[in-house]
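Geometric and topological summary
Chain residues, written in single-letter form:
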Amino acid sequence: MRIADAEVIVCSPGRNFVTLRLTTDDGISGLGDATLNGRELAVASYLNDHVLPLLDGRDPFLIEDIWHFLYKGAYWRRGPVTMAAIGAVDVALWDIKGKALDTPVYNLLGGQAREGVLVYGHANGLDIDATLQAAARYVDMGYRAVRLQTGIPGLPAVYGVGRGDLFYEPTSQDMPDEESWSTEAYLHHVPKLFAQARDALGYNVPLLHDAHHRLTPIEAARLGQRLEPYDLFWLEDAVPAELQEGFRIIRSHTTTPLAVGEVFNSIHDCQQLITEQLIDFIRATVAHAGGLTHLVRIAHLAELHHVRTGCHGPVDLSPVNLAASLHFGLAVHNFGIQEYMRHTEDTDRVFPHAYAFDDGYLHPGDRPGLGVDVDTELAAAFPYRRAYLPVNRKLDGTVHSW
Ligand code: EZ4
Ligand code: CO
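Residues numbered from 1 in each chain as written. Chains lettered and ligands numbered in written order. Predicted model: local features only at pLDDT ≥ 70, side-chain atom pairs only at ≥ 80, totals over all residues. Heavy atoms only, no water.

A word on the overall build of the protein chain
Applicable threshold: By definition, any uninterrupted DSSP run of H or I lasting at least four residues is a helix, any uninterrupted run of E lasting at least two residues is a strand, and each is numbered from the N terminus. The rule is simple: take the accessible area with a 1.4 Å probe, protein chains only, and divide by the maximum for that residue type; under 20% is buried, over 50% is exposed, in between is partly exposed. The contact definition used throughout considers only heavy atoms, calling two residues in contact when any of these lie within 4.5 Å. Residue exposure ignores everything except the shown protein chains as possible cover, and the areas themselves are Shrake-Rupley values with a 1.4 Å probe. Positive charges are assigned to Lys and Arg, negative charges to Asp and Glu, while His and the chain termini are left out of the count. Working definition for charges: the position is that of NZ of Lys, CZ of Arg, CG of Asp or CD of Glu.
Across its full length, the protein chain carries 13 helices and 16 strands. Seen through its C-alpha atoms, the protein chain measures out along the principal axes to roughly 60 × 45 × 45 Å. Scored against the burial criterion, the 402 residues of the protein chain give a buried share of 58%. In the protein chain, once contacts between residues fewer than 6 apart in sequence are set aside, the share between residues at least 24 apart is 72%. As displayed, the protein chain offers around 15,900 Å² of accessible surface, 51% of which is attributable to carbon and sulfur atoms. Charged side chains of the protein chain number 32 positive and 51 negative; the gap between the two group centres comes to 4 Å.

And the structure:
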């Protein structure tokens, strides 16, 4: 069997997605998600102009060989664009292998290690009451874990608070929206959210929170301490993680579990965080961290160091990425939890899929391969539109992490 055809499908059913489809000479197709939010066309070009010509005629079963051919063969290593492109090829090859062997991808990764993939939903609100109402809605829908984000008094717009419905994820055309930030206001307000959340929801629902890279290590340590009475499942992205040893400061001051890694693209971004046991959950994404092949490597390193997985699963990645995450989460031993934001109906129509939510768990389904298709005709009805994530400024105008 040989790779005979490769195409990059760019569409925007509500938001932009870049999808790679590889097809073999005997007509088996595999899909990979190459979406990099706000920089989509860079990955499309990297694939079309530089990677796809290298795949023609290769044996699609040689997943490990092709991974290293693309990684080492480029000479230029790592980086979000490169790793998203390699990840898309990798996932498409796993999809092809599953279909060729007539078995779901999770069977190729070691088989089902649990009955379903525990997920958490996003409860957002302009104020604490609205956030708690949203959380109660998630619990009613059967979710067993919920992330809470709330507006901060004095700040007109902050991360995690948008339209307030089930489909939160900001995007803007033309120029990025600008949000505002005050660490002082945030640190003062967030403990109140979790105090009231425990009063309203009790202690049986795991609760999560995302600080979205806005704190310094000592600020994060203080927040972690203040949140200890409320038993968080995790505090996410407390600080930007380019400086991995920065997490030592947080770790030495608080027992609140720490999660980080949604912007990581390789094992080298987290090896110190993992081997020094500075975090509890690694959030690297299938699509952005070099595909299933590389994410399994990260998970195996993490397992040795008591770190569990908690993959990023935003709506700005397509159902192809979510399906791949579910096969991974079902099979990997040190799985922790999976982020789950519902895609819009248009996205679900463009990417029909076998995975399903039931009683707080997602299951990837039992179709051979990933169990996701792309309807290219329908995709063509949703053309690409340039879009940006927001940027963030402190109250004095200084650009801050978003
Ligand atoms: O902001 O995926 O935990 N989830 C997140 C996401 C990210 C977006 C960026 O593209 O932090 O909402
Ligand atoms: Co996050």
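Some thoughts on the coordination of the cobalt ion (ligand 2)
How we decide: Only nitrogen, oxygen and sulfur atoms within 2.8 Å of the metal, or 3.2 Å for Na, K and Ca, are treated as donors, and water is left out, so sites may look incomplete.
Distances from the cobalt ion (ligand 2) to its protein donors, Asp210 (OD), Glu236 (OE) and Glu262 (OE), fall within 1.9 to 2.1 Å. Counting the intervening residues between successive donors of the cobalt ion (ligand 2) yields the motif D-x25-E-x25-E. Of this pair, Glu236 sits in strand β8 (residues 234–236) while Glu262 is found in the loop between β9 (258–260) and α9 (271–275), placing the two residues 26 residues apart along the sequence.

Observations regarding the sheet that holds strand β6 (residues 178–181)
We apply this condition: Two strands form a pair only when DSSP identifies at least two bridges running between them.
Taken together, three strands build an open sheet; the order of strands is β6-β15-β16 and the sheet is mixed. Each edge of the open sheet carries a strand with a single partner, namely β6 and β16 (399–400).

Notes on helix α1 (residues 40–55)
Inclusion rule: Any helix carries an expected span of 1.5 Å times its number of residues minus one. Bend, at a single residue, is the angle you get between axes fitted to the 7 residues ending at that residue and the 7 residues starting at it.
In this model, α1 (16 residues) spans 21 Å end to end at C-alpha, consistent with the 22 Å of a helix rising 1.5 Å per residue. The largest bend in α1 comes to about 40°, at Asn48. Along α1, the positions that sit buried rather than exposed are Glu40, Val43, Ala44, Tyr46, Leu47, Val51, Leu52 and Leu55. Of the surrounding secondary structure, the elements contacted by the buried residues of α1 are β1 (3–11), β2 (17–24), α2 (63–73) and α3 (80–100).

Details of unusual backbone geometry
The phi torsion at Tyr75 lies on the positive side, around 70°, for a residue other than glycine. Even without being glycine, Gln277 reaches a positive phi, approximately 55°. Relative to the helices and strands, Gln277 is located in the loop between α9 and β10 (281–282).

Things to note about empty space enclosed by the protein
What counts, and what does not: Using protein atoms alone on a 1 Å grid, points that fit a 1.4 Å probe yet trap it form a cavity, whereas open point sets bounded by protein on both sides within 12 Å along at least five of seven lines form a pocket; residues with an atom within 4 Å of a point count as lining. Grid points are joined across faces, edges and corners, and a volume is the space filled by probe spheres set on the points. Note on residue classes: Ala, Val, Leu, Ile, Met, Phe, Trp, Tyr, Cys and Pro are nonpolar, Asp, Glu, Lys and Arg are charged, and everything else, Gly too, is polar.
Enumeration according to the criterion identifies six cavities of 30 Å³ or more in this entry. Within this model, the largest cavity holds a volume of roughly 90 Å³. Considering the residues around the largest cavity, the lining is formed by 13 residues, among which Gln149, Tyr159, Tyr186, His209 and Asp210 are closest to the centre. Taken together, the elements giving at least two residues each to the lining of the largest cavity come down to β5 (146–150), α6 (183–201) and β7 (207–210). Taken together, the residues that form the lining of the largest cavity break down as seven nonpolar, four polar and two charged.

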